[in-house]
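A look at the structure
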Amino acid sequence: MRNIFLLLVAALGALFVGNGTFHSFVLQKETQVFLWLIIAASVIAAADIFLRRKHFRDLPFQMAVFLSVVGIIMISRLKAALFVPQLRWLAIGVCVFVLTVCFRKKLFRMLRYQYILGILCIIVLMLPLIFGTEIGGSRNWIVLGPIEVQPSEFGKLLLIFFLASYLSEHRQMLSLPNNKFLMMRFAPIRFMAPLLAIWGMAILMFVAARDLGSALLFFGIAVAMTYMASGSKSYTAVAVIAFMLAAVLSYHLFGHVRVRFDIWLNPWSDPSGEAYQIVQSLFAIGSGGIWGTGLGHGQPGLIPEVHTDFIFSAIGEELGLLGMILIMTIYLLLFWCGIKAALRTAESSHALLAAGASVILLLQAFIIIAGVTKFLPLTGITLPFVSYGGSSMVTCYLLLGIITSIPESSIKKRHNLKQND
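Bear in mind the structure is a predicted one, so any value in this text is a computation, not a measurement. The written sequence of each chain sets the order in which its residues are numbered from 1. Where totals are concerned, whole chains, interfaces and linings use all residues; where local detail is concerned, this predicted model gives features only for residues with pLDDT of at least 70, and gives and counts side-chain atom pairs only at 80 or more. Note: side-chain values were computed over all heavy atoms of the structure, leaving out hydrogens and water.

The number of helices and strands found in the chain is 18 helices and five strands. Type-normalised accessible area, obtained with a 1.4 Å probe on protein chains alone, sets the label of each residue: buried when under 20%, exposed when over 50%, and partly exposed for intermediate values. For the chain, the residues scored as buried account for 53% of the 421 residues in total. Taking all contacts inside the chain whose residues are at least 6 apart in sequence as the whole, residues at least 24 apart take part in 73%. Accessible areas in this description were obtained via Shrake-Rupley with a 1.4 Å probe; residue shielding takes into account the shown protein chains only. Surface exposure of the chain reaches about 19500 Å², of which carbon and sulfur atoms provide 68%. Numbered from the N terminus, helices here are DSSP runs of H or I no shorter than four residues, and strands are runs of E no shorter than two. In this analysis, two residues are considered to be in contact whenever any of their non-hydrogen atoms come within 4.5 Å of each other.

Printed below as a string of structure tokens:
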């Protein structure tokens, strides 16, 4: 019941560090607040019991709940009105996690339909271009009444399923390329064409939608999974060269890319204009120092959209360098758990699926953390499990379910094969 304790700590922490706005919100919505606290606690308790009884690894789930708790505390501090919605999305995300583990066999059957998965991925990524609404400068949202859905969050799930299926089936051909170009070797073009088509179309759509963070994320996932499947450095080298050429081309063709890059190089040239967010983020992290200003004693509200893209900056200000290191360490441990699960399974498609899910969580965390600390140009994606967002929360727990539900039979099968050898 450690997760229940964490959630209660979140509730008490939110009440303790919350500002006057949060306290008045609790008084106005007292019934709703406590109802969703009970629901979220019950769902987490049920998931915890389920994992223990079915003998699944529960460490990734424990770490994900901890990150979610940190996010709930910070959101109560930053935007009180989103406290209950975040609790609601947490409960839904945990339910999706349990359903993913329960129906894992049916989920893994999707790997048989690689080209359908690839086509569905493209269709999902095209939806915002046709029906989307521009929010925060990116046309990557579909508004359905009171609900805002980000299709790219679900598109990355389809992408890792497609890549896991395609790469596992053609792994031998990709690992033993016979076409030579300069110092590099590649597989025949007929094996590379579907892969290149998916990569290129996905990234071009994101550039058109101005969703540069998702474009970088999708590109990184594709390159990482291809390298893990083939072990070929040639593909990685070509991908890096292509990315650099695309970056230069995008800089000259698209104004929003040029603005992001210029702000990254010198945010102090326009600190009260286009660079206001990143400048305030750097001030917040700098003022936090090693120990932080303490929960409730910082000024993170000076950063626009701090509860989504810049929540890591708020953590850095109030929890300091130690708090940031703790959060980053948990993401590394989540990645390690996913890679460990991938290495323990004999089924190559399952291994690539677990590895892909792990890469998504780590790479997404790295991209946004690097953006708010000015290590990379700023991109508008969420911090997994921590930032506010329904699509992100549900997708992250689904990815966690994939990592958790790697078949035990595959592990035993590989162990038996080693013994026979």
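Structure's up, so let's keep going.
Given the number of residues in a helix, its expected span is that number minus one, multiplied by 1.5 Å. Compared with an ideal rise of 1.5 Å per residue, which puts 20 residues at 28 Å, helix H5 (residues 83–102) spans 29 Å between its outermost C-alpha atoms and is within 8% of the ideal. In terms of residue burial, H5 counts as a mostly covered element, since 14 of its 20 residues are buried.

Before going further, it helps to spend a moment on the packing of aromatic side chains. Put simply, two rings from Phe, Tyr or Trp (the six-membered ring, in Trp's case) pair if the centres are within 6.5 Å, and we call them stacked under 30 degrees between planes, edge-to-face over 60, tilted for the rest. If you walk through the whole model with that rule in mind, you get eight aromatic pairs. Measuring from ring centre to ring centre gives 5.7 Å for Phe-162 and Tyr-166, while their planes differ by 25°; the resulting arrangement is stacked. Residue Phe-162 and its partner Tyr-166 are located together in helix H8 (residues 151–169), separated by four residues, close to a single helical turn. Relative accessible area serves as the criterion here: at 2%, Phe-162 is assigned to the buried category. When the centroid spacing of 5.0 Å and the interplanar angle of 80° are considered together, the rings of Phe-385 and Tyr-397 count as edge-to-face. Of this pair, Phe-385 sits in the loop between helix H16 (348–372) and helix H17 (390–404) while Tyr-397 sits in helix H17; the two residues are twelve residues apart in sequence, bridging distant segments of the chain. The same class applies to Phe-385 as to Tyr-397, namely buried. Three or more aromatic residues joined by ring pairs make a cluster, and in this case those are Tyr-115, Phe-162 and Tyr-166.

Even without being glycine, Lys-374 reaches a positive phi, approximately 70°. The residue Lys-374 is located in the loop between H16 and H17 in this model. Its identity is not glycine, yet Phe-385 carries a phi of approximately 70°, on the positive side. With a relative accessible area of 1%, Phe-385 lands in the buried category.

Before going further, it helps to spend a moment on a positive patch on the surface. A residue counts toward a patch only above 30% relative accessible area and without a salt bridge, and it is joined to like-charged neighbours within 9 Å or, for Val, Leu, Ile, Met, Phe, Trp and Tyr, to nonpolar neighbours within 5 Å. By definition, a salt bridge exists where a carboxyl oxygen of Asp or Glu is found within 4 Å of a side-chain nitrogen of Lys or Arg. Charge counting treats Lys and Arg as positive and Asp and Glu as negative, with His and both chain ends excluded. Every charge is mapped onto a representative atom, which is NZ of Lys, CZ of Arg, CG of Asp or CD of Glu. Together, Lys-105, Lys-106, Arg-109 and Arg-112 make up a region of like positive charge exposed at the surface. Tracing the chain through its elements places Lys-105 in helix H6 (residues 104–109). You can call Lys-105 exposed: its relative accessible area is 62%.

Now for the nonpolar core. Nonpolar cores are built from buried Ala, Val, Leu, Ile, Met, Phe, Trp, Tyr and Cys residues. Side-chain atoms within 4.5 Å join them into one set. Within the largest apolar cluster, 95 residues are counted, with the highest numbers of intra-cluster contacts made by Phe-61, Ile-160, Leu-383, Phe-385 and Tyr-397. Counting six residues, the second-largest nonpolar core is a separate cluster that includes Ala-342, Ala-354, Ala-355 and Ile-406.

Another aspect to go through is H17. Across its 15 residues, H17 extends 21 Å between first and last C-alpha, which sits within 8% of the 21 Å expected from 1.5 Å per residue. With 15 of 15 residues buried, H17 lies mostly within the body of the structure.

This brings us to the side chain of Gln-86. The topology assignment puts Gln-86 in helix H5. Polar contact is defined as a pair of N or O atoms within 3.5 Å, subject to the rule that within protein one atom must be able to donate a hydrogen and the other to accept it, and that residues adjacent in sequence are counted only when both atoms are side-chain atoms. Of note is the side chain of Gln-86, whose polar atom sits 3.3 Å from the backbone oxygen of Ser-387.

Turning our eyes to something else, we now look at the confidence of the model for the chain. With 78% of its residues at a pLDDT of at least 70, the chain reaches an overall mean of 80. Here helix H18 (residues 408–420) is the element of the chain with the lowest mean pLDDT, 46, and H5 is the one with the highest, 93. Every residue carries a pLDDT, the predictor's confidence in it, which falls somewhere between 0 and 100.

Each axis is a line fitted through C-alpha atoms, taken for helices only over the stretch in contact, and angles between the N-to-C directions span 0 to 180 degrees. With their axes 10 Å apart at the nearest point, H8 and helix H11 (residues 212–230) run at an angle of 15° to one another. In terms of their interaxial angle, H8 and H11 are classed as roughly parallel. Like other packed secondary-structure pairs, H8 and H11 cross with a definite hand, here right-handed. Seen from H8, the contacting residues are Ser-152, Gly-155, Lys-156, Leu-159, Ile-160, Leu-163, Ala-164 and Leu-167; seen from H11, they are Ser-214, Leu-217, Phe-218, Ile-221, Ala-222, Met-225, Thr-226 and Ala-229. In the scheme used here, Gly and all other residues not listed as nonpolar or charged are polar, with Ala, Val, Leu, Ile, Met, Phe, Trp, Tyr, Cys and Pro taken as nonpolar and Asp, Glu, Lys and Arg as charged. Of the residues assigned to the contact of H8 with H11, the class counts are eleven nonpolar, four polar and one charged. Relative orientations are named as follows: roughly parallel for angles under 35 degrees, roughly antiparallel for angles over 145 degrees, roughly perpendicular for angles from 65 to 115 degrees, and oblique for any other angle. Crossing chirality is assigned from the near helix's rotation relative to the far helix, an anticlockwise turn below a right angle marking it left-handed and a clockwise turn marking it right-handed.

Taken together, Ile-290, Trp-291, Leu-321, Leu-322, Ile-325 and Met-328 make up a surface patch of nonpolar side chains, about 600 Å² in accessible area. With respect to the helices, strands and loops of the structure, Ile-290 is situated in the loop between helix H14 (276–288) and helix H15 (311–344).

On the secondary structure map, Thr-226 appears in helix H11. For Thr-226, a relative accessible area of 1% translates into the label buried. A distance of 2.7 Å separates the side chain of Thr-226 from the backbone oxygen of Ala-222, its partner in a polar contact.

A word on the pattern of salt bridges. Any two side chains of opposite charge can pair, on the condition that their charged atoms come close. Under the definition given, this model contains four salt bridges. Across the pair Arg-52 and Asp-58 runs a salt bridge whose closest N-O atoms are separated by 3.6 Å. One salt bridge connects Lys-156 with Glu-153, and the closest N-O pair in it is separated by 2.8 Å. Here Lys-156 and its partner Glu-153 are both found in helix H8, three residues apart, which amounts to about one turn of the helix. Residue classification places Glu-153 among the buried residues on the basis of a relative accessible area of 6%.

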